[in-house]
Amino acid sequence: MAEQIEVGVIGAGLSGLACAVHLQEHGVACTLFDGAPEPGGRVRTDEQEGYLLDRGFQILLSSYPEARRVLDFDALEARPFDAGSLVQVGSKAWRVTDPWRSPVRGLGSILAPFVTLGDGLKLAKLRSGSVAASLRPGDVTAGEYLRQLGFSDELRERFFRPFFAGITLDPELGVPAHYLVSLFGWFSTGKAVLPRRGMRALPEQLAAGLPPGSVRFGEKVRSIRGQGFELEGGGQVEARALVAAVDAHAAAELFEPFESRAWSGTTTVYYAAESSPVGGPWLVLNGEGRTKGPVNHLCVPSDVQPSYAPQGSSLLSISLVGVPDDDDRSLDQAVRTQLRAWYGGAVDRWQLLRVDRIERALPRFARGETSSVRDGVHLCGDYLETPSIQGALVSGRRAAEAVLAQLGVAAGPVT
Ligand SMILES: Cc1cc2nc3c(=O)[nH]c(=O)nc-3n(C[C@H](O)[C@H](O)[C@H](O)COP(=O)(O)OP(=O)(O)OC[C@H]3O[C@@H](n4cnc5c(N)ncnc54)[C@H](O)[C@@H]3O)c2cc1C
């Protein structure tokens, strides 16, 4: 006998959780099934020797509109990075800061040798246009758009490339220009933050708002038939409406044929250090190009949020774009060699904590399944919107709206 439920949601990542929260807001009961032992999907945090290690470098933007809608930022006890970045060139670091946020520091960034006055004015235009959502970049890549806007080669290579490669995991900046504009707008109006309990606090907070027992962990779905599905453990479940909130790769295993997505990967190397080499809540970009070593950017999460490291020590998060073949030992050596030129011999005293290699971090924008319904099953996930927390949350809400329509429940408009 199949177990009967009202609405089934397969996947308790951010999209599945957002879907469930929205359904609950409209009085519709749903049950989530996830093969993992905890909520969050790709957004997870592990505790190791008193350090909080997010699975890969992750940040929440306080200006993500959907995050503001569904998350309680006060309860996250989130703390911000400083707006802007440090661009590291050898042992020197230059601040590139939004002059509208911080006039004195912003003026300082114009003094960086690779920022021309023309660049400063163009940055101002990009900022105001992206905040006002008045820019129409057309069907070009982010890299091409920055060239069209006339930014100097130096600023593009030393700042834009590492900054946006760190977010989109695409060093060629091949993502659509409209996404760069959205990101620039969000960075201009909000701040990158880290919750006190690490990034896991996001899915934990959403899951905690659902009725007890509505998220079933360790229950992976093997196959779907109509509105019913079979669990790997053998159980059968039949729902009135079904949502597949799994990533594009898992969706391709459940639905055939299903055009999955190409993925962008990333590697994060975590170190413990006696003190912070950065000395503040800054994102540090590799401003030296890609030939000097593997590091794209780094930060000291414990400078942003002290809970990330035991008292008296610092946690360093070093990010690479892509997943190299090197084993941990050679990767560790390559990272230290590059960072010795930035921070000197202190680098040799850092203790390697962990290397996170995440092959399927972000789905690429390129070709792939874009339909939001498949064989009567509603789909959601970041691959249907933008590869981000914002994208996952929005897509979860859209799927919930579609379920409400299917069940004939009145819902508010989707923006
Ligand atoms: C290293 C890294 C860094 C990132 N950095 C940022 C950042 O700084 N800012 C930002 O906005 N975004 C960032 N992202 C992107 C963001 O984390 C994702 O876009 C978002 O979490 C995706 O959520 P999702 O629900 O779409 O998918 P997922 O998180 O992949 O959730 C899918 C869920 O489905 C479950 N599942 C799969 N198959 C089955 C099955 N057969 N049965 C049951 N359950 C199943 C999985 O266990 C998983 O829990 C980053 C991602 C990574 C990996």
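Heads up: the structure comes first, above all this text.
A short tour of the structure in this document, coming up. Think of each chain on its own: its residues are numbered from 1, step by step along the sequence as written. This being a predicted model, a pLDDT of at least 70 is required before a residue's local features are given, and a value of 80 or more before pairs of side-chain atoms are given or counted; all residues contribute to the totals for chains, interfaces and linings. Remark: hydrogens and water are excluded; side-chain values derive from all non-hydrogen atoms of the structure.

Overview of the nonpolar core
At step 1: Ranked by size, the top nonpolar core spans 85 residues in total, and within it Val-7, Leu-23, Leu-32, Leu-60, Leu-71 and Phe-160 carry the most contacts.
At step 2: Residues count as neighbours in contact if any of their non-hydrogen atoms are within 4.5 Å of one another. Here Leu-71 is in contact with Leu-60, Leu-76, Leu-202, Gln-205 and Leu-206, once residues within four sequence places are set aside.
At step 3: Definition of nonpolar core: a set of buried residues of the types Ala, Val, Leu, Ile, Met, Phe, Trp, Tyr and Cys, connected through side-chain atoms within 4.5 Å. Here's how the labels work: a residue is buried when its accessible area is under 20% of the maximum for its type, exposed when over 50%, partly exposed in between, all with a 1.4 Å probe on protein chains only. Counting 22 residues, the second largest nonpolar core, distinct from the first, contains Phe-33, Leu-242, Ala-244 and Tyr-383.

Points about helix α9 (residues 201–208)
At step 1: Helical segments are the DSSP runs of H or I of at least four residues, strand segments are the runs of E of at least two, and each set is numbered from the N terminus. Here α9 lies mainly inside the structure; six of its eight residues are buried.
At step 2: Residues of α9 that are buried: Ala-201, Leu-202, Pro-203, Gln-205, Leu-206 and Ala-207.
At step 3: Residues of α9 that are buried in the fold lie against α1 (14–25), β5 (60–61), α2 (65–70), α3 (73–76) and α13 (389–407).

Structural notes on the pattern of salt bridges
At step 1: What counts as a salt bridge is simple: a side-chain nitrogen of Lys or Arg found within 4 Å of a carboxyl oxygen of Asp or Glu. Under the defined criterion, the tally for this structure stands at 27 salt bridges.
At step 2: Here Arg-44 makes a salt bridge to Glu-38, at a shortest N to O gap of 2.6 Å.
At step 3: The class for Arg-44 is buried, based on a relative accessible area of 10%.
At step 4: Here Glu-38 falls in the partly exposed class, since its relative accessible area comes to 29%.
At step 5: Between Arg-158 and Glu-154 there is a salt bridge, and its shortest N-O distance comes to 2.8 Å. In this pair, Arg-158 and Glu-154 are both assigned in helix α7 (residues 153–168), four residues apart and thus about one turn of the helix distant.
At step 6: A residue is classified by how much of its surface remains accessible, and Arg-158, at 22% relative accessible area, is partly exposed.

Focus: the packing of aromatic side chains
At step 1: Planes of paired rings set the category: under 30 degrees apart is stacked, over 60 is edge-to-face and the rest tilted, where pairs are Phe, Tyr or Trp rings (Trp by its six-membered ring) whose centres lie within 6.5 Å. The tally for this structure, following the rule as stated, stands at 16 aromatic pairs.
At step 2: Between the aromatic rings of Tyr-64 and Trp-186, the centroid separation amounts to 5.2 Å while the plane-to-plane angle is 85 degrees, which identifies the pairing as edge-to-face. Taken as a pair, Tyr-64 in the loop between β5 and α2 and Trp-186 in helix α8 (residues 177–189) lie far apart in primary sequence, 122 residues in all.
At step 3: An aromatic cluster of at least three residues, connected via ring pairs, comprises Phe-151, Phe-159, Phe-160, Phe-163, Phe-164, Phe-184 and Phe-187.
At step 4: The ring of Phe-73 has Arg-68 sitting right over it, with the charged end atom 4.2 Å from the ring centre. We call a charge positioned over a ring when the NZ of a Lys or the CZ of an Arg lies within 6 Å of the ring centre and within 35 degrees of the ring normal.

Comments concerning the environment of Ala-400
At step 1: Mapped onto the secondary structure, Ala-400 falls in helix α13.
At step 2: It is 38 Å that separates the C-alpha atoms of Ala-400 and Pro-324, two residues lying 76 residues apart in sequence.
At step 3: Look past the residues within four positions of Ala-400 in its chain and what remains in contact with it is Cys-19, His-22 and Leu-23.

A look at the pairing of strand β8 (residues 92–96)
At step 1: As paired strands, strand β7 (residues 85–89) and β8 are joined by five bridges and run antiparallel to one another. Along β8, the bridge assignment pairs Ser-85 with Val-96.
At step 2: Counting the residues in the hairpin turn of β7 and β8 gives two residues, including Gly-90, whose phi is positive at 60 degrees. Note on pairing: DSSP must find at least two bridges between two strands before they are called paired.

Some thoughts on the packing of α1 against α9
Two quantities define a packed helix pair, namely the angle between the helix axes and the distance between the axes.
At step 1: The convention used is that axes are lines fitted to C-alpha atoms, helices contributing only their stretch in contact, and that angles between N-to-C directions extend from 0 to 180 degrees. Where α1 meets α9, the closest approach of the two axes is 9 Å, and the angle between their N-to-C directions is 25 degrees. Taken together, the axis directions place α1 and α9 in an arrangement best described as roughly parallel. The handedness of the crossing between α1 and α9 comes out as left-handed. Two secondary-structure elements touch here, α1 through Leu-14, Leu-17, Ala-18 and Val-21 and α9 through Leu-202, Pro-203, Leu-206 and Ala-207.
At step 2: Only Asp, Glu, Lys and Arg are considered charged in this grouping, and only Ala, Val, Leu, Ile, Met, Phe, Trp, Tyr, Cys and Pro are considered nonpolar; every other residue, Gly among them, is considered polar. Each residue belonging to the contact of α1 with α9 can be placed in one class, and the counts come to eight nonpolar, no polar and no charged. Any angle that is under 35 degrees is reported as roughly parallel, and any over 145 degrees as roughly antiparallel; angles of 65 to 115 degrees are reported as roughly perpendicular and all others as oblique. Handedness of a helix crossing follows the sense of rotation of the near helix relative to the far helix, less than a right angle counterclockwise being left-handed and clockwise being right-handed.

Some thoughts on a negative patch on the surface
At step 1: Each patch is built from salt-bridge-free residues with over 30% relative accessible area, joining like charges within 9 Å and nonpolar side chains (Val, Leu, Ile, Met, Phe, Trp, Tyr) within 5 Å. Here the open area of atoms and residues is found with the Shrake-Rupley method and a 1.4 Å probe, where only the protein chains shown may cover a residue. We treat Lys and Arg as the positive residues and Asp and Glu as the negative residues; His and chain ends play no part in the count. Lysine's charge is taken at NZ, arginine's at CZ, aspartate's at CG and glutamate's at CD. On the surface, a cluster of negative charge is made up of Asp-325, Asp-326, Asp-327 and Glu-359.
At step 2: Using a relative accessible area of 55% as the deciding quantity, one classes Glu-359 as exposed.

Let's talk about unusual backbone geometry
At step 1: A cis amide bond links Glu-256 with the next residue in sequence, Pro-257, at an omega value of -15 degrees.
At step 2: With respect to the secondary-structure elements, Pro-257 resides in the loop between α10 (248–254) and β14 (263–273).
At step 3: With a phi angle near 55 degrees, Ala-133 is a residue other than glycine that sits in the positive phi range.
At step 4: Tracing the chain through its elements places Ala-133 in the loop between α5 (117–131) and α6 (142–148).
At step 5: A positive phi angle, near 50 degrees, is found at Leu-173, a position not held by glycine.
At step 6: By the element assignment, Leu-173 lies in the loop between α7 and α8.

Quick word on the sheet that holds β7
At step 1: The strand order β8-β7-β15-β16-β17-β14-β18 describes an open sheet built from seven strands, whose pairing is mixed. The open sheet has two free edges, formed respectively by β8 and β18 (351–363), since each of these has just one partner strand. Neighbour-to-neighbour, the strand axes of the sheet open up by a mean angle of 25 degrees, direction not taken into account.
At step 2: With four bridges connecting them, β7 and strand β15 (residues 283–286) associate as parallel partners. Along β15, the bridge assignment pairs Ser-85 with Leu-283.
At step 3: Here α7 sits on the sheet in contact with β7, β8, β14, β15, β16 (297–299), β17 (314–321) and β18, set at roughly 115 degrees to β15.

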